[in-house]
Amino acid sequence: MRQALRGLESRNAERVARHLVAAGTLVDEHPEEALAHARAARDRASRIALVREAVGVTAYHAGDYAEAARELRAYRRMSGDHGYRAVLADCERAVGRPEVALRLVREALDEQPDSAELVELRLVEAGARQDLGEVPAARLVLEAALGGRPTPDSVDLTDPGVLRLAGAYADLLAADDDQALAEEWLAAVTAHAPEEADVEFSEEEVPIEDEVLAEDEVLAEDGLPAEGDVPAEDVSTPAAVPPTGELGEDTDEELDLDDDIEAEVAELLGEIDPPEDDRKH
């Protein structure tokens, strides 16, 4: 991405970088706001493949599957990267085209995907079969992916991919009214599900108010509406998440997301070196 941004005028490169960093920062917790930033980056750098990728990924997380499919296909044409095949198939499912999803899955399977992608493809395939009302066929897909005639004791539920397949299989059994077997699989999946890790290394939670303020500042630079600027009837650009309360008085201990964005932008533009740990990887 740093190399791609070097082709832009310096001021434009900085603004694109700020929007991309903000999108990456917000995508997990506030995907709609992340999508607004990714779109703003696309408005300034639509010919950069990785910018189109960012829009596609954030659109997928935000649930705009039609836009996600368009942008990821544009990314594939521009970059030659044939990844995101399972995501594209899942987008087709989401917009009501399970037959197209199955065709994309078959094409991907013909190209011998790696084990991680294979899990994703089988999950999409089973879901598409279920969408078509072909529940027995969906069961066969997941059973084959789990090794054929699986039992909870016969599969390695410590493997994250297998665990995801097993969870989908439990849900499918419940939908197929096989409650006893569904509960057996669900209990096994629950027992092996990783627990939420506590925050370590003295990391602090970023208050949602700081996220919103930093996001509004970045959006305002490109003239995009921030919280309070969008009329109630205008839903074309997602508004920022309203603050849940007032900022505390002791602001010295609160993280400033804008400072993090500035640092990441400087690193992305090559103005500072990445941290030592990042260089090692």
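In this text, all values refer to a predicted model and were calculated from it rather than measured experimentally.

**Q** Can you walk me through the overall build of the protein chain in this structure?
**A** From N to C terminus, the protein chain includes 14 helices and zero strands. Out of the 281 residues belonging to the protein chain, those deemed buried represent 40%. In the protein chain, of all internal contacts separated by at least 6 residues, the share reaching a separation of at least 24 is 59%. Total accessible area computed for the protein chain in this model is approximately 16000 Å², and 47% of it derives from carbon and sulfur atoms.

**Q** Can you walk me through the side chain of Asp-90 in this structure?
**A** Mapped onto the elements of the fold, Asp-90 is located in helix 6 (residues 85-94). Here Asp-90 falls in the buried class, since its relative accessible area comes to 18%. Of note is the side chain of Asp-90, whose polar atom sits 2.6 Å from the side chain of Tyr-60. The residues touching Asp-90, leaving out its near neighbours within four places in the chain, are Tyr-60 and Val-124.

**Q** Any chance you could explain the packing of helix 2 (residues 10-26) against helix 3 (residues 31-44) here in plain terms?
**A** The packing of two helices is summarised by the inter-axis angle and the distance between the axes. Two elements in contact, helix 2 and helix 3, have axes separated by 8 Å at closest approach and are oriented at 160°. Taken together, helix 2 and helix 3 sit at an angle that is classed as roughly antiparallel. Considering the relative orientation of helix 2 and helix 3, their crossing is left-handed. Contacts between helix 2 and helix 3 involve Asn-12, Arg-15, Val-16, His-19, Leu-20, Ala-22, Ala-23 and Leu-26 on the former and, on the latter, Pro-31, Glu-33, Ala-34, His-37, Ala-38, Ala-40, Ala-41 and Arg-44. Counted by class, the contact of helix 2 with helix 3 contains 10 nonpolar, three polar and three charged residues.

**Q** Just checking my understanding: could you explain the pattern of salt bridges for this structure?
**A** Where charged atoms from two side chains of opposite charge come close, those side chains can pair. Applying the stated criterion to the full structure yields 18 salt bridges. In this structure, the salt-bridge partner of Glu-67 is Arg-42, at a minimum N-O distance of 3.0 Å. Residue Glu-67 is located in helix 5 (residues 65-79), and its partner Arg-42 is located in helix 3; the two are separated by 25 residues in the primary sequence. Per residue, the accessibility class of Glu-67 equals that of Arg-42, and both read buried. The residue Glu-134 makes a salt bridge to Arg-129 at a minimum N-O spacing of 2.8 Å.

**Q** Explanation requested: the packing of aromatic side chains in the structure shown.
**A** The geometry of an aromatic ring pair comes down to the distance between the two centres and the angle between the two planes. Per the stated rule, a full pass over the model turns up three aromatic pairs. Judged by centre distance (5.7 Å) and plane angle (75°), the ring pair of Tyr-60 and Tyr-65 falls under edge-to-face. Judged by relative accessible area, Tyr-60 falls into the partly exposed class, the value being 25%. By relative accessible area, which is 29% here, Tyr-65 ends up partly exposed. Relative to Tyr-84, the ring of Tyr-75 has its centre 6.1 Å away and its plane inclined at 80°; by these criteria the two rings are edge-to-face. Among the residues examined, Tyr-75 registers a relative accessible area of 6% and is labelled buried.

**Q** Honestly, the nonpolar core in this entry has me stumped. Any pointers?
**A** Across soluble globular proteins, you tend to see nonpolar side chains buried next to one another. In terms of nonpolar packing, the biggest core is built from 23 residues, with Ala-34, Leu-88, Ala-89, Val-105 and Leu-121 touching the most fellow members. Only helix 2, helix 3, helix 4 (49-62), helix 5, helix 6, helix 7 (98-110) and helix 8 (115-131) provide two or more residues apiece to this core. No other element matches the five residues that helix 7 contributes to this core. The contacts of Val-105, once residues within four sequence positions are left out, are Ala-89, Leu-121, Val-124 and Glu-125. Residues Val-141, Leu-142, Ala-166 and Leu-173 belong to the second largest nonpolar core, which totals 21 residues.

**Q** I keep staring at the packing of helix 5 against helix 6 and nothing clicks. Help me out?
**A** In the contact formed by helix 5 and helix 6, the axes pass within 9 Å of each other and the chain directions differ by 150°. One way to sum up the angle between helix 5 and helix 6 is to call them roughly antiparallel. In this structure, helix 5 crosses over helix 6, and the sense of that crossing is left-handed. Residues Tyr-65, Ala-68, Ala-69, Leu-72, Arg-73 and Arg-76 of helix 5 form the contact with helix 6, whose own contacting residues are Arg-85, Val-87, Leu-88, Cys-91, Glu-92 and Ala-94. Its residues assigned to classes, the contact of helix 5 with helix 6 comprises eight nonpolar, no polar and four charged.

What counts, and at which threshold
- Residues numbered from 1 in each chain as written.
- Predicted model: local features only at pLDDT ≥ 70, side-chain atom pairs only at ≥ 80, totals over all residues.
- Heavy atoms only, no water.
- Helix = DSSP H or I, 4+ residues; strand = E, 2+ residues; numbered from the N terminus.
- Buried < 20%, exposed > 50% of the residue type's maximum accessible area, 1.4 Å probe, protein only.
- Contact = heavy atoms within 4.5 Å.
- Areas by Shrake-Rupley, 256 points an atom, 1.4 Å probe, with all protein chains shown as cover.
- Polar contact = N/O pair within 3.5 Å; in protein donor to acceptor, adjacent residues only side chain to side chain.
- Axes fitted to C-alpha atoms, helices over the stretch in contact; angles between N-to-C directions.
- Parallel < 35°, antiparallel > 145°, perpendicular 65-115°, else oblique.
- Left-handed = near helix turned anticlockwise from the far one by under 90°.
- Nonpolar A, V, L, I, M, F, W, Y, C, P; charged D, E, K, R; others polar.
- Salt bridge = Lys/Arg side-chain N within 4 Å of Asp/Glu carboxyl O.
- Phe/Tyr/Trp six-rings, centres within 6.5 Å; stacked < 30°, edge-to-face > 60°.
- Core = buried A, V, L, I, M, F, W, Y, C linked by side-chain atoms within 4.5 Å.

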